[in-house]
Amino acid sequence: MPYFRITLLRSAIGLPAKSTGVLKALGLRKRMTTVYHPVSQDVAGQIMRVKELVDVTEVETALTKEEMKALRRPDPGFYIERRASEIRDLAEEAPRW
C-alpha cells in the first residue's frame, strides 16, 4: 500500500487560519517533522492546500519513529584497525638506527 511521506519545510506563521488548520489536520506541528498518510484523494487535496510549505514523496511503506531515528544516526566515524598494544609491540621490534 503506497503512502505519502510529508515533511513540513516552511513555517505557517502569518498564514491564514485555514492553512494552519490543514497542517494540524495532517499532523504537522513543527518544521522538519515527517508524517506518513495513505494515498487518497482527501490527503492529496490537503497537500495541495499547503503545497508551498511541504515536501511530498510517495513511498511503499511507512516508517516508524524508531526507524526514522535509526536512519538519521550517523556512522561511527572511525574504525579500529589495530590496537595500541599491537602498535607498541611492532615499534619495539623494529630496529632503531
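Scoring rules and cut-offs
- Residues numbered from 1 in each chain as written.
- Predicted model: local features only at pLDDT ≥ 70, side-chain atom pairs only at ≥ 80, totals over all residues.
- Heavy atoms only, no water.
- Axes fitted to C-alpha atoms, helices over the stretch in contact; angles between N-to-C directions.
- Helix = DSSP H or I, 4+ residues; strand = E, 2+ residues; numbered from the N terminus.
- Parallel < 35°, antiparallel > 145°, perpendicular 65-115°, else oblique.
- Left-handed = near helix turned anticlockwise from the far one by under 90°.
- Contact = heavy atoms within 4.5 Å.
- Nonpolar A, V, L, I, M, F, W, Y, C, P; charged D, E, K, R; others polar.
- Core = buried A, V, L, I, M, F, W, Y, C linked by side-chain atoms within 4.5 Å.
- Buried < 20%, exposed > 50% of the residue type's maximum accessible area, 1.4 Å probe, protein only.

1. With respect to the packing of helix α1 (residues 17–26) against helix α2 (residues 41–49)
- Packing of α1 against α2 leaves a shortest axis separation of 9 Å and a crossing angle of 140 degrees. By the angle between their axes, α1 is oblique relative to α2. Like other packed secondary-structure pairs, α1 and α2 cross with a definite hand, here left-handed. Between α1 and α2, the residues in contact are Lys18, Val22, Ala25 and Leu26 and Val43, Gln46 and Arg49, respectively.
- Residue composition of the contact of α1 with α2, grouped by class: 4 nonpolar, 1 polar and 2 charged.

2. Some remarks on the nonpolar core
- Grouped together as the largest cluster of nonpolar side chains are 14 residues, with contacts concentrated most on Ile6, Leu23, Leu26, Leu28, Val50, Leu53 and Val54.
- Of all the secondary-structure elements, those providing two or more residues to this core are β1 (3–8), α1 and α2.
- The contact partners of valine 50, leaving out residues within four places of it in the chain, are Ser19, Val22, Leu23 and Leu26.

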